[in-house]
Amino acid sequence: MVFVLWGSHAQKKAAMIDDSKHLILESVHPSPLSAFRGFFGSRPFSQINEYLEASGRTPVNWQLESLEAKPDQGALF
C-alpha cells in the first residue's frame with residue numbers, strides 16, 4: 001500500500017505506518033500557499049507508479065478527462 005502524506009498534519013501519522021511493508025511519500029501540501037516550497041517537482045504520482053510496477057502491480061492512469069463541454073453534452077453548469 002502507498003501512503004501519501006501531504007502537509008505537516010498528515011506527516012505526523014507516519015509513525016503509525018510500518019514502512020517496511022508500505023511506501024510512504026511525504027511532501028508539503030500542494031495548496032497554493034506551499035506548493036512552491038517543495039511540492040512542485042516532487043513527482044508523487046510517478047513515484048507511486050514506479051513503486052507499483054516494481055511490486056508487480058498495475059500502475060495508476062492519472063490522466064483526467066477534459067472538463068470542456070463536448071458538442072453532444074451541452075454546458076457543464
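The structure reproduced in this document is the subject of the present report. Just so it is clear, the structure is predicted and the values come from calculations on it, not from any experiment.

What about helix 2 (residues 44-54)?
Now for step 1: Listing the buried residues of helix 2 in full gives Pro44, Ile48, Asn49 and Leu52. All buried residues of helix 2 fall inside an arc of 135° around its axis, so they share one side. Counted as exposed and oriented over 90 degrees from the buried face of helix 2: Glu53 and Ala54.
Now for step 2: Where helix 2 is buried, its residues meet strand 1 (2-6) and strand 2 (23-27).
Now for step 3: Gly56 lies just past helix 2 and shows a positive phi near 80°.

Observations regarding unusual backbone geometry
Now for step 1: Its identity as a non-glycine residue notwithstanding, Arg43 has a phi of 55°, on the positive side.
Now for step 2: Mapped onto the elements of the fold, Arg43 is located in the loop between strand 2 and helix 2.

Here we look at the packing of aromatic side chains
Now for step 1: What the rule picks out here adds up to five aromatic pairs.
Now for step 2: With centroids separated by 4.8 Å and ring planes inclined at 70°, the aromatic side chains of Phe36 and Phe40 adopt a geometry described as edge-to-face. Of the two residues, Phe36 and Phe40, neither departs from the other in class, the shared state being exposed.
Now for step 3: Aromatic ring contacts, followed pair by pair, group Trp6, Phe36, Phe39, Phe40, Phe45 and Trp62 into a single cluster.

Quick word on the pattern of salt bridges
Now for step 1: Evaluation of the coordinates by the stated rule reveals one salt bridge.
Now for step 2: Residue Arg43 is joined to Glu50 by a salt bridge in which the shortest nitrogen-to-oxygen separation is 2.9 Å.

Rules behind the numbers
- Residues numbered from 1 in each chain as written.
- Predicted model: local features only at pLDDT ≥ 70, side-chain atom pairs only at ≥ 80, totals over all residues.
- Heavy atoms only, no water.
- Buried < 20%, exposed > 50% of the residue type's maximum accessible area, 1.4 Å probe, protein only.
- Helix = DSSP H or I, 4+ residues; strand = E, 2+ residues; numbered from the N terminus.
- Arc of directions from axis to C-beta.
- Contact = heavy atoms within 4.5 Å.
- Phe/Tyr/Trp six-rings, centres within 6.5 Å; stacked < 30°, edge-to-face > 60°.
- Salt bridge = Lys/Arg side-chain N within 4 Å of Asp/Glu carboxyl O.

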